[in-house]
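Per-entry structural report
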Amino acid sequence: MQESPLNHNLIEDTQALLGGHMGASGATRRSALKAALGVGYAAAALPIMAQTAIQTPAKGLVSGEVTIDVNGFKLPAYRSAPAGKTGLPVVLVISEIFGVHEHIADVTRRLAHAGYLVIAPELFVRQGDAKGYSDIPKLQAEVISKVPDAQVMADLDEAVAWAAANGGNTDKLAITGFCWGGRITWLYAAHQPKLKAGVAWYGRLVGNPTAQTPNHPLALVGSLKAPVLGLYGAADTGIPLDTVDKMKAELAQGPAAAKASEFVVYPEAPHAFHADYRPSYRKAAAEDGWQRLLAWLKRQGVA
């Protein structure tokens, strides 16, 4: 049977998330994490209670779940912001396929301590509960593959509107995302004219079009409305460096926002090198990338 383009994309993403190639019997995220128990990860608690090695306190912040009305649908989101302040620059944080678990919540708190109103929406909830899965291929097939890009763009637009009504200054708007969310970061930079900056962590750049994902970042370079900083790993098994090179070449021929975009490729870093709750975490690359993110937002006038 000929493999569908959708399956090909999902298989590549799954291989990257598992840090290698899937065997004939398939592999699960839970089994892949069992080898990391000595580092303090509780495999049995993932991904439902994804733990994070970095614990950012909420002191001085307003932090927790909110709901965003999207045409009558109550979209859950995790919000963090400096307490008692308004007119705050806004950052959208887009999760991996595992949804808004503790690590993503912690990322929102890190950014809030830097002075931002930060929103991480649960973008899969109409299709299913991403945090309820431990088997990545099953999660990809049953939930993620059914999430339309158009739905995601609309939900993010409503998150921006919510921010504007709740203490945010959306004239200073940025987005950052990881893996699945890295790809969405590129897409939103081509979608939202108010956006000033994006930071994409190891997001897919190319792929076969499907009904739900008709375009990938490489095809949208000409529509970029804000410059994107791409943070990628040379040891990423799911994002070949030649796709990064193709993206760089396309950006160089694109509009002003495309030409202003940049890449940093960490020589020994695998996929998900920022995910401090997983064995793929690489402290040096993650910390350097984080400092580059903060500097990028300032450079692009978001801070």
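All figures in this text were calculated on a predicted structure; none of them were measured in a lab.

**Regarding the pattern of salt bridges**
A complete count under the given rule lists 13 salt bridges for this structure. Across the pair D69 and K74 runs a salt bridge whose closest N-O atoms are separated by 3.2 Å. Note on K74: relative accessible area 52%, which makes it exposed. For the salt bridge of K194 with D171, the shortest nitrogen-to-oxygen distance reads 3.0 Å. Of this pair, K194 sits in the loop between helix 6 (180–189) and strand 6 (195–201) while D171 sits in strand 5 (residues 168–178); the two residues are 23 residues apart in sequence, bridging distant segments of the chain. Looking at K194, the relative accessible area reads 35%, which means it is partly exposed. Several salt bridges share partner residues, and in doing so they unite E102, D106, R109, R110 and D276 into one network.

**Topic: helix 5 (residues 149–165)**
Over its 17 residues, helix 5 extends 25 Å from the first C-alpha to the last, a length consistent with the 24 Å expected when each residue adds 1.5 Å. Those residues of helix 5 that sit buried are D149, Q151, V152, M153, D155, L156, A159, V160, W162 and A163. The inward-facing, buried residues of helix 5 contact strand 1 (61–70), strand 2 (73–82), strand 3 (88–94), strand 4 (117–121), strand 5 and helix 6. Positive backbone phi, at 95°, marks G167, one or two positions downstream of helix 5.

**Remarks on the packing of helix 5 against helix 6**
It is at 11 Å that the axes of helix 5 and helix 6 come closest, and there the two elements cross at 75°. The angle between helix 5 and helix 6 places the two elements in the roughly perpendicular class. In contact with D149, V152, M153, L156, D157 and V160 of helix 5, helix 6 contributes W180, R183, I184, L187 and Y188. Its residues assigned to classes, the contact of helix 5 with helix 6 shows eight nonpolar, no polar and three charged.

**Here we look at the sheet that holds strand 3**
Read across the open sheet, the eight strands follow the order 1-2-4-3-5-6-7-8; overall the sheet is mixed. A strand with exactly one partner marks an edge of an open sheet, and here the two such strands are strand 1 and strand 8 (262–266). Sheet twist, expressed as the mean angle between neighbouring strand axes with direction ignored, is 20°. Note: strand 5 against strand 6, six bridges, orientation parallel. Paired with T176 across the two strands is V199, which belongs to strand 6. Contacts from helix 5 reach strand 1, strand 2, strand 3, strand 4 and strand 5 within the one sheet, and its direction differs from that of strand 1 by about 125°. Sheet contacts for helix 7 (residues 241–252): strand 7 (228–233) and strand 8; angle to strand 8, the most-contacted strand, approximately 160°.

**Thoughts on the confidence of the model for the chain**
Counting all residues, the mean pLDDT for the chain is 88, and 84% of those residues have values of 70 or more. Under a pLDDT of 50 for its full length, residues 1–6 has, in the predicted model, six contacts with residues more than four places off or in other chains. Per-residue pLDDT stays below 50 along residues 20–49; that stretch engages in 55 contacts with residues further than four places along the chain or on separate chains.

**Section: the side chain of R183**
Counting through the fold element by element, R183 comes out in helix 6. In this structure R183 comes out as buried when scored by relative accessible area, which is 6%. Discounting chain neighbours no more than four positions away, the residues touching R183 are D149, G203, R204, T213, N215, H216 and P217.

**Topic: the packing of aromatic side chains**
Within the structure shown, the criterion is met by eight aromatic pairs. Centre to centre, the rings of Y232 and F263 are 5.3 Å apart; their planes meet at 50°, and the pair counts as tilted. Here Y232 is found in strand 7, whereas its partner F263 is found in strand 8, with 31 residues between them in sequence. Members of the aromatic cluster, connected to one another through ring pairs, are F178, W201, Y202, Y266 and F273. Over the ring of F73 we find R126; its NZ or CZ atom is 4.2 Å from the centre of that ring.

**Details of unusual backbone geometry**
For Y202, which is not glycine, the phi torsion reads 40° and is therefore positive. Looking at the secondary structure, you find Y202 in the loop between strand 6 and strand 7. You can call Y202 buried: its relative accessible area is 1%. Even without being glycine, A272 reaches a positive phi, approximately 60°. Summarising the element assignment, A272 is placed in the loop between strand 8 and helix 9 (283–299).

**Section: the side chain of S80**
Along the chain, S80 turns up in strand 2. Owing to a relative accessible area of 0%, S80 belongs among the buried residues under this scheme. Here S63 takes part through its side chain, which lies 2.7 Å from a polar atom of the side chain of S80. The contact partners of S80, leaving out residues within four places of it in the chain, are V62, S63, A105, T108, R109, A112, Y116, L117 and V118.

Rules and cut-offs
- Residues numbered from 1 in each chain as written.
- Predicted model: local features only at pLDDT ≥ 70, side-chain atom pairs only at ≥ 80, totals over all residues.
- Heavy atoms only, no water.
- Salt bridge = Lys/Arg side-chain N within 4 Å of Asp/Glu carboxyl O.
- Buried < 20%, exposed > 50% of the residue type's maximum accessible area, 1.4 Å probe, protein only.
- Helix = DSSP H or I, 4+ residues; strand = E, 2+ residues; numbered from the N terminus.
- Expected span 1.5 Å × (residues − 1).
- Contact = heavy atoms within 4.5 Å.
- Axes fitted to C-alpha atoms, helices over the stretch in contact; angles between N-to-C directions.
- Parallel < 35°, antiparallel > 145°, perpendicular 65-115°, else oblique.
- Nonpolar A, V, L, I, M, F, W, Y, C, P; charged D, E, K, R; others polar.
- Pairing = 2+ DSSP bridges.
- pLDDT = per-residue confidence, 0-100.
- Phe/Tyr/Trp six-rings, centres within 6.5 Å; stacked < 30°, edge-to-face > 60°.
- Lys NZ or Arg CZ within 6 Å of the ring centre and 35° of its normal.
- Polar contact = N/O pair within 3.5 Å; in protein donor to acceptor, adjacent residues only side chain to side chain.

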